Structures are given as structure tokens and as C-alpha cells.
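# Tertiary structure, described
Here is how the chains run, residue by residue.
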Amino acid sequence: MINKDVLFPLNGWLSRNTSKKMTVPLSLGILARELLMVLTCFLMGRAVLFEQMAPFGIGIFAVLLSKKKGGFTAFLAVTAGAISFRLTDGGFLKFHGGTTILAMLIFALLWNLFGRKSNSWSAFRTAFSVSLSLLVANIVLLLFDGFLMYEMLMGIFESIVGFVTVYIFSLSVDVLWDIKRRQVLSGEEMICLCIFLSLLIIGFWEIQILGFPLRNILTIFLTLLFAYVGGAGIGATVGITAGFMLSLASTPDPALMGNLAICGLLAGVFRELGRPGSGIAFLLANILMTFYINRSTYVILPFGEIAGAIVLLLLVPRNSIEFMKRFLHVGAVRGDEQNYYGKRVQELTVGRLSEFARVFRHLSKVFGRISDRSSSIGQEELSKLFDMVAGQVCSACPLYRSCWERDLHHTYTGIFELLSACEEKGVIERKDVPANMARRCLNVNSLVDGLNQIYKTYRNNMIWHQRMNDCRQLVAEQLEGVGQVVTELAAELDMDIRFRSGFEDAIRLELDKKGIHAKEILALEKPGGKLEISIRKPGCNGKRECLTQIEPIVSKIIGKPMSRQYKECTRGGKEDCVIHLAEAKQFEIITGVARKPKKESSTCGDSYSFTSVRDGKYMLALSDGMGFGARAAEESSAVISLLENFLEAGFDQSITISTINSILMLRSREEMFATADLCIMDLVKGEAEFIKIGGISSFIRRKDTIDIIRQPALPMGILDYVEPENIIVPIFDEDMVVMVTDGILDAFSAMEDEEQGLADFIATLNTTNPQELAELIMEEALYHTDGDAKDDMTVMAGRVWQPF
């Protein structure tokens, strides 16, 4: 017997809670959901294909029952829908309504016997049971009505459609039941939902409003709504799907399907004009298709039906539109997913680097503890010295017991004095033996020789122990420094980068219009809003497509002037080239350098560099090594080389300085340091950032004034931690930046204010050639030192100008 609580779950719930006086009333949300479920089941009971197949009522009933979301109410609603359709259609109940009701009863029996208590009941079993129920119901009714092969074949086809319907309804019910928690719909879910809504519309059949069929108005409204929310592609898909289902329910009409698809397509294209724009586009497309297909004024879709659908579209609340957009805007979701995965990879990379840093620091602590333990070895060895003297020198003496047992205090004091003398003089003699011990000792000479040999061995051992201790301590410091460098690198990598898929798609489209077929396009937005575009495309064989076509196209799409980061052609493969574009520079720069080594040396200890770095920036750098000659040049060139590599790789200036300082501290335990005088020019924004670590003043010659940039600080490689302070100043057209080492400034020391003296001299120079400016400053400095360089001298000058 069928369990009443299984077929009628809502009724069972009510009966079980009546005794509790309904202490938990139904909420409005649950009540609204129940009413929508009843309406859905009612309309599905009225949905008929080919005017004789109705597998949708049992399909929705079976899905709701198997998911335990409805039972008795669903059964009654489907039954009412089937009966109402036969009554309004003027037909008879015997075949259509009877098949649906009997099939639902058979499915309920199967569910009660096999599915209610099963934990492995699947959608396939539900679909198979529905198909079997429909087939059995059709056979039973055919036996009573008379067997016809055509009717039997239609019954088999109906059971197959019922099987497919279960999968469609299963996905649709899951989506609608959890609609508030969902964010993204798959393609299958969207198609199933479209078919589900089309079948609901079919259930209205011949209901009319002001003489227009309600189902036609709702079909047009459904196409319009999805076209406006999802765009042209989704509008066309929904249009052809709804038209196909509507044709199956009545007279087959391919023109209707094509017309709805084209109208949905154009409505989606013009959705940027708002809801009225989409509605008018739909109307005009219908007129166009009418003339194309019918060649007459007989429209495929009546204007009244389209007007009704447009009115319904205008009445949809804005919140509902926005709610639907989050499901249909797949591109935005994919962009978010791309950003998420990029951020996730970034987090994993930073996390791994942080783990490496922790390992290095832990190793540093381990070596530090070993070094601390090693420092106590000297105290242990000292106590062993007395044992060695007693065992190697005095053990054969007849007075051994007298000296080392009865008179131990005096013996210990005398030996300690001799060891102190050994430590002070290196080697002791007989005269160094205390008088008291010399009188009592029978073998003074042997004692002196033995102590010298024992102390020599002890001293050699201590030297090696100290060297080992120094090596361990150095390794500990180096590991700690490496850990600090890795930590800083991880911090540099941990920056917010976003992928701009919209720019990628727009660039790809515009390049394709010009016949340039890009294989890969990557648009990145870095912190501060700076954009970088990378394009991989087939090589142009020297036609300079990157300069003549790609740069203007990308600049137009981005809305900012964009230019190549590397002027030379960068090959990504045998047949491909890779173009990197960034925001175009507002300024250009040209540099000049003059150098002079100290007169006692042929090698200048100063090093310099000027080169382009990332994000449209340009680096001017000077470094003065400690002392002069090759040793100073080695230190300063190391600083310059590291500056170039770190800044070209895109690292922050402060992290770069801190890391280089740590590296200099690790290179040797001897005193080694070098200055770092850095000027980073942002040629896009028009700013100059000065960072001085031991560097002396720099100068900016403007049109009317000379600015002096001062920032006192110790050189790198002295302190464990360096915190650079930067000075940012604007740069203008025709400004000239002058950077010098201390050898130049010292040449003007005879003046009251050497900095002002050099600034006044720069102001007198009437040249815009940076190389000539540097050479004139060098000549003036040598003039003040009688032609001899008292120290290494270097002058670097740079001129900035606006090319447009």
C-alpha cells in the first residue's frame, strides 16, 4: 500500500504539527515557494506537444517527489492542470489526462517501494521510472480504448521524452530552489532553464488578453528579457529555443523560430540603449523579417503581442535585472576567476618564498647556537692544561705527590703564573719561574720546556677553534642575510595585479580587422593603475607593424598613449614576435659622463650607470667605493651592477637598497662600503626621485634656478639596516640633472660654500649638451686642484625634454 506521507508529504507535515498548535508558522518565503510550485505543476500539467503528448506533468511531479520537495500538492496541481486543459480545449479526459494521472500513480508506487528509503536513488532511476510509468499507462489505456500501432509508437516516443524531461527538470528545479545562493550558471543549466520556462508558457495555451494569446506575449517577453540581460548570443539562443518549443506545441512554424532568433539577436545587440532600445530593435527586426519571409504586410509576430512584451519588460524591477545579470555575465565571472587564480598563484609563490626565508633563519639560529657553545671551549682547555703538565712533565718526579697533592695550592698558583707568562711572551725561560717553585722543583728546565711545548699546542688548537667559530658565525650571518633578502623579494612579489580581459578582447578584435592575427594577448593593471599589454603574433618580416598599426590601435582602445618598452624586435619563437607596450613617456632623456681617477692610480674607484628600467622609468646611478683604485672600483661596480639588475627586474627602490646593503655586509667581515647616489626619473609622470646613501649633493639646472638636492646618510655596508629616505621633485622640459662624486665637490672646497660654488658655476654654463656640461664641470674641478685629481672624480649629467 502506498504510504500517505510519501505521496502527501506536506499533508503529513501539517498533521504531525497540528498537535503542537503550529508553534512554528509558515514564513512568507516558504508560502510563496509553495504557491509557485503549485502554479508550476499546474502549468506543466497543461503543457502538450503535438496536441497529444503530455509527459511534462509526471516529469515535474517525479522530480519534486524524488527530491522530497513536493508530493500531494504537486499531484493535485498536475491533475488539475491536465483536467483544465481538456476542459478548456473541449476534448476528452480518457487519453491525455488519464495517461498523466495513471502514470503519476504508478511512479508513486515505484518510489514508495524502491526509492523512498534508498540513499542511492539517482536522476537516472527517476527518469527510467517515469519512462516506464508512461509506457505502462499508455499500454493500459490502449487496451481499454483499442490497440493502434500509431498510438503505441506515440506512447513509446512519449516515454522517451519523459525520460529526457526528468533531467531537464532536475537541473531547473535545483537552480530555482537555490536561486539565492547561486552565483554562476553552467551552459547546461541555462538551456534547461530556458526549456523549462518555455514549457511553462506553453501551459497557458489559448488564454488571451485583449485578444492576444498570453503564451505568445510571454514567449516574446522571455526572449526580450534574456536578450537585454545577457546580450545578443543569449537572446538568439533563447529566441530559437522558445520558438522551437512553441512550434512543437502547435503547428510547426520554422519561420517563427528563425524570426524569434533574429529578433532576440538584434535586441541583445542594442541593449546598451536600455530597455526601450531593445524593445524597438526587436520590433524593427520583426518588420524586417516579415518583408524578407512573407513579402507582404502580414507580420509573423503581431505588433500588439510585441507591445505587450515590451510593457512587461519595462515593468521588471531594476533589482531583478541586476540579479539576473550576475548569472548571465559569464565574461565578468571568468575575468574574476582569472584574477582569482592569478592572485592564488601569487600567494602560493610568496608563501613558498616565505617558507624558504624561515628555513634560512632557522639554520642561522642553529649555527649561532653552535658558535656560542664553541666559545666555551677555551675554559675547558685551560683546565686540561694543568692535567697535561702534571701527566707529561711531573708524573715521573719523586716529589709528584708532595707538589700535586699536599702542596697543590702553591703548585697551581706557580703553574698559572707560568702559563700567564707564556700567554704574554709566547715563550718562557728559566728566569720566569717563580722563586718559590724554583727552590722546590727538581726539574726546572724540563718544566720550562714542557710548558712551552704544551702551551704551543694549546695556542694552535685555540686558533683553529676560533677560526671555526668565526666561520660558523659568518655562515649564521650569511644565512640570516639570505633569509632577509628572500623575505624582501616575497614582499615585492606580493602586489595587486589585475587582468583586464575587456581590453584583451577589444584589442584582439581591432587587430583582426587590420589583418593582424594575435595568438596571445595579456593586459595587466599594476598598482597605481599602470597598464602593460603583451601581444604575441606572427612575425611581420620587418614591416614594423608594431609601430605603424599596433601602437595606435592599442592607444585608442586604452585611451592613453602607449608605446613599446623595447624598441628592438623581440622574437618569442621561430616565427613569432612578442610586443610589450606600456604607457608612453611624457619625457625623453639623454646623458653624458666625465671621469678622472686619482693621480696615484690608473683605475677610477667610482662607478656609474644610466639605463631604462620598468614602467617608463630611467635610472641615473653613481657609486664611490672606499678608498681608491681597483679595490674601490670593485666595491662600487658591485653596487651599480646590483642596482641595475634589481631595478630592471621591477623591484622597489627601498627594497633594492636594503638588499644590496645586506649583500655587502655578507661579502666579507672586513670593512667594505660604498656610496649609492640614485636618481630614478619617471618619464611618464614627470617626476625625479633621489635616493642618497652616503652620496653627496646633486643639482638640477632649470630655466631660471639651480636646485640643490641634499640628503645626508652613511654609505652602504656599514650598518646592518639601511632605511633610505627619498626626495621627489617634479621635472620640466629642458631640465638638466647633475650628479657628482665627492672628488668633484672637494675640488671646490676653497670656496666658502663648496656646494653653492659648484651650483653657481653650473648656472654659468650655456649648453644643453649633457656630455659637454659634464666635461666643463670636470675641467673646472681640475683647474681648482692644479690639474691633479686628489680623489676619484666623476660627473654625470642628464637632459630631459618633451618630444611633442
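Residues numbered from 1 in each chain as written. Predicted model: local features only at pLDDT ≥ 70, side-chain atom pairs only at ≥ 80, totals over all residues. Heavy atoms only, no water.

Across the interface, helix α11 (residues 232-249) lies against helix α12 (residues 254-269) with an axial gap of 7 Å and an inter-helix angle of 160°. One element, α11, and the other, α12, form an angle in the roughly antiparallel class. Viewed along their axes, α11 and α12 form a crossing whose handedness is right-handed. Listed contacts from α12 to Ala 232, Gly 235, Ala 236, Gly 239, Ile 240, Gly 243, Phe 244, Leu 246 and Ser 247 of α11 are Leu 256, Met 257, Leu 260, Ala 261, Gly 264, Leu 265, Gly 268 and Val 269. (Axes fitted to C-alpha atoms, helices over the stretch in contact; angles between N-to-C directions. Helix = DSSP H or I, 4+ residues; strand = E, 2+ residues; numbered from the N terminus. Parallel < 35°, antiparallel > 145°, perpendicular 65-115°, else oblique. Left-handed = near helix turned anticlockwise from the far one by under 90°. Contact = heavy atoms within 4.5 Å.)

Right, let's talk about the confidence of the model for the chain for a bit. Looking at the chain, the pLDDT average stands at 78 and 83% of residues meet or exceed 70. Element-level mean pLDDT values for the chain span from 35 in helix α2 (residues 9-18) up to 94 in strand β17 (residues 736-740). Long-range and interchain partners of residues 1-26, a stretch whose pLDDT sits below 50, account for 29 contacts in this model, where long-range means more than four residues apart. Confidence drops under pLDDT 50 across residues 87-95; counting only partners more than four residues distant or on other chains, this segment forms twelve contacts. (pLDDT = per-residue confidence, 0-100.)

Here we come to the sheet that holds strand β12 (residues 676-682). Across the sheet, five strands lie side by side as β10-β11-β12-β13-β16; this open sheet has antiparallel pairing. Edge positions in the sheet fall to β10 (606-613) and β16 (726-730), since each of these pairs with one other strand and no more. In this sheet, neighbouring strand axes are inclined to one another by 15° on average, regardless of whether the strands run parallel or antiparallel. Note that β12 and strand β13 (residues 687-693) share seven bridges and pair antiparallel. If you follow Ile 680 over to β13, its bridge partner there is Glu 689. (Pairing = 2+ DSSP bridges.)

It is worth spelling out the side chain of Ser 198 at this point. Looking at where Ser 198 falls in the secondary structure, it is placed in helix α9 (residues 187-202). The contact partners of Ser 198, leaving out residues within four places of it in the chain, are Leu 222, Ala 242 and Met 245.

In this section: the pairing of strand β18 (residues 793-801). Among the nine residues in β18, eight count as buried, and that is most of the element. Where strand β9 (residues 588-596) meets β18, nine bridges bridge the pair, whose relative direction is antiparallel. By the bridge assignment for β18, Ile 589 is matched with Val 800. Bridging between β17 and β18 involves five bridges; their strand directions are antiparallel. Residue Val 740 lies in a different strand from β18, and its bridge partner there is Val 795. (Buried < 20%, exposed > 50% of the residue type's maximum accessible area, 1.4 Å probe, protein only.)

The terminal C-alpha atoms of helix α7 (residues 123-145) lie 33 Å apart, and with 23 residues this matches the ideal 33 Å at 1.5 Å per residue to within 8%. All of the buried residues along α7 are Thr 126, Ala 127, Ser 129, Val 130, Ser 131, Ser 133, Leu 134, Ala 137, Asn 138, Leu 141 and Leu 142. (Expected span 1.5 Å × (residues − 1).)

As a further point, take empty space enclosed by the protein. In this approach the atoms are scanned with a rolling probe the size of a water molecule, which exposes any empty space left behind. Evaluated as defined, the whole model comprises five cavities of 30 Å³ or more. As for the largest cavity, its lining consists of 16 residues, and the residues nearest its centre are Cys 394, Cys 403, Trp 404, Cys 441 and Leu 447. Per-class residue counts for the lining of the largest cavity are twelve nonpolar, three polar and one charged. (1 Å grid on protein atoms, 1.4 Å probe; cavity = no way out; pocket = protein on both sides within 12 Å on 5 of 7 lines; lining within 4 Å. Points joined across faces, edges and corners; volume = space filled by probe spheres on them. Nonpolar A, V, L, I, M, F, W, Y, C, P; charged D, E, K, R; others polar.)

Checked against the element boundaries, Ala 759 lands in helix α27 (residues 754-764). In sequence terms Ala 759 and Arg 701 are 58 residues apart; their C-alpha atoms lie 8.6 Å from each other. The residues contacting Ala 759, other than those within four sequence positions of it, are Phe 699, Ile 706 and Ile 708.

A few words now on the pattern of salt bridges. This structure, assessed with the given rule, holds nine salt bridges. As a salt-bridge pair, Arg 702 and Asp 735 come within 2.5 Å of each other at their nearest N and O atoms. Linking Arg 702 in the loop between β14 (698-701) and β15 (706-709) with Asp 735 in the loop between β16 and β17, this pair joins segments that are 33 residues apart in sequence. What makes Asp 735 buried here is its relative accessible area of 1%. Ionic pairing is found between Glu 734 and Arg 799, a salt bridge with its closest N-O pair at 2.9 Å. Here Arg 799 lies in strand β18 and Glu 734 lies in the loop between β16 and β17, a separation of 65 residues in the sequence. (Salt bridge = Lys/Arg side-chain N within 4 Å of Asp/Glu carboxyl O.)

Attention now goes to the packing of helix α4 (residues 56-66) against α7. Relative orientation of the contacting elements α4 and α7 amounts to 140°, with a least axis distance of 10 Å. One finds that α4 runs oblique with respect to α7. Seen along the crossing, α4 lies across α7 with a hand that is right-handed. In this structure, α4 contributes Ile 58, Ala 62 and Ser 66 to the contact, and α7 contributes Thr 126, Val 130, Ser 133 and Leu 134. Each residue belonging to the contact of α4 with α7 can be placed in one class, and the counts come to four nonpolar, three polar and no charged.

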